[in-house]
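# Commentary on secondary and tertiary structure
Here is what each chain is made of, one letter per residue.
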Amino acid sequence: MTLQFFGPTIRATFLGFSLFAFSSVFAQEGKPADKPLWELGVAGAAGQLPAYPGSSDRVSRFLILPYVVYRGEIFRADRETTGARLIKTDDFEFDIGFGGSLGASSKEVSARQGMPSLGTSVEFGPRAKYTLARPTADSRLTFSLPIRTVIEFKSGLKQRGIVAEPELSFNKFNAFAGWGLSVTGSALFGNERLQNYLYGVPSQFATATRPAYQAKAGFVGTRFTVATSRSLSPESTVALFARWDNSSSAANVDSPLHLKNNGFSVGAALTYTFAKSSRLVGN
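Residues numbered from 1 in each chain as written. Predicted model: local features only at pLDDT ≥ 70, side-chain atom pairs only at ≥ 80, totals over all residues. Heavy atoms only, no water.

## Thoughts on the nonpolar core
- Judged by nonpolar contacts, the single largest core of 20 residues is most densely connected at Ala-51, Tyr-52, Leu-118, Val-163, Leu-194, Tyr-199 and Leu-257.
- Residue contributions to this core peak at 4 residues, all from helix H2 (residues 192-199). (Core = buried A, V, L, I, M, F, W, Y, C linked by side-chain atoms within 4.5 Å. Buried < 20%, exposed > 50% of the residue type's maximum accessible area, 1.4 Å probe, protein only. Helix = DSSP H or I, 4+ residues; strand = E, 2+ residues; numbered from the N terminus.)

## Observations concerning the confidence of the model for the chain
- When pLDDT is averaged across the chain, the result is 84; 87% of the residues are at 70 or more.
- Across the chain, the element-wise mean pLDDT spans from 40 in helix H1 (residues 20-25) up to 95 in H2.
- Here residues 1-30 is a poorly scored stretch, pLDDT under 50, and it has 168 contacts once near neighbours within four places are set aside; other chains count. (pLDDT = per-residue confidence, 0-100. Contact = heavy atoms within 4.5 Å.)

## Quick notes on the side chain of Thr-131
- When you line up the elements, Thr-131 lands in strand S7 (residues 120-133).
- Using a relative accessible area of 7% as the deciding quantity, one classes Thr-131 as buried.
- In contact with Thr-131, other than residues within four places in its own chain, are Asp-90, Asp-91, Arg-140, Leu-141 and Thr-142.

## A short note on H2
- Of all the residues in H2, the buried ones are Leu-194, Gln-195, Tyr-197, Leu-198 and Tyr-199. The buried side chains of H2 occupy one side of the element, clustering within an arc of 165° when seen end-on.
- As for H2, its buried residues are in contact with S7, strand S8 (139-153), strand S9 (157-164), strand S11 (179-190) and strand S12 (218-231). (Arc of directions from axis to C-beta.)

## Some remarks on unusual backbone geometry
- Phi at Ala-177 takes a positive value of approximately 50°, unusual for a residue other than glycine.
- Relative accessible area serves as the criterion here: at 65%, Ala-177 is assigned to the exposed category.

## Observations concerning the pattern of salt bridges
- Tallied over the entire structure, the rule returns 10 salt bridges.
- For Arg-160, the salt bridge identified is with Glu-152, shortest N-O distance 2.7 Å.
- We note a salt bridge from Arg-223 to Glu-165, for which the minimum N-O separation is 3.1 Å. Here Arg-223, found in strand S12, pairs with Glu-165, found in the loop between S9 and strand S10 (167-176); they are 58 residues apart in sequence, far enough to count as distant. (Salt bridge = Lys/Arg side-chain N within 4 Å of Asp/Glu carboxyl O.)

## Some remarks on the pairing of strand S14 (residues 262-276)
- As defined by bridge partners, strand S2 (residues 38-50) adjoins S14 across 10 bridges and the pair is classed as antiparallel. Within S14, the position partnered with Glu-39 by the bridge is Lys-276. (Pairing = 2+ DSSP bridges.)

## What to know about the environment of Phe-274
- The residue Phe-274 is located in strand S14 in this model.
- You can call Phe-274 exposed: its relative accessible area is 55%.
- Separated by 233 residues in sequence, Phe-274 and Gly-41 place their C-alpha atoms 5.2 Å apart.
- Sequence-distant contacts of Phe-274, defined by excluding residues within four places in its chain, comprise Leu-40, Gly-41 and Val-42.

Right, dumping it as structure tokens:
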């Protein structure tokens, strides 16, 4: 199950409480062994993160929800893909996938007081992924490029722009004492609509301390993430992650909603699998 987004939302890659921790939970997808076709379980995640890139306010989130893993030849819901994997070779993958994020209420963010809240969002679109190297049998260095549209669920469906996040990632199944390791660096870019959603200030919401602002398309920021996970039992897995975001060179660093160049996020997740398929499949 990949629920990967940017800022405070469910990984990998958008707003609200990033259940990034949930993607870390499945870091063991990299293990060179067959796995059940499907798994059912429950997952809990907690984290503290900036309200959005450039925010001076932090938010805390805690979630418990069911999860499903399905490793079909085309349709998949695992750490790598939530959607349809259309091309798969030893070194290259191409898929059409989804991601999700919880919103951030403007009541939680001092700079956005009186403005519309950032709603729950879903990302949808293509991703290309290429394996650059396999240093060991249980590790790999990959480059991926997802390009996705962002749909907000709030009083109907609203298209909030397009996001692209080129990402370089190193994953090792057994890095130390049974713990898997994922180290990722990425850069985020958004079109004008997405940037205005995050950093624009329409004239009707301008104040003496928050002037009207028209955002520009371009660079949002960089992020560096370290995540680790390990099995506690055949049914349960624990994961931890830490992420540093920097937006000092962002296209809209002069927005009145951009107040801080650096942000730090931490989180943890725990999953328990209560049912799985007896049929095993490869990655």
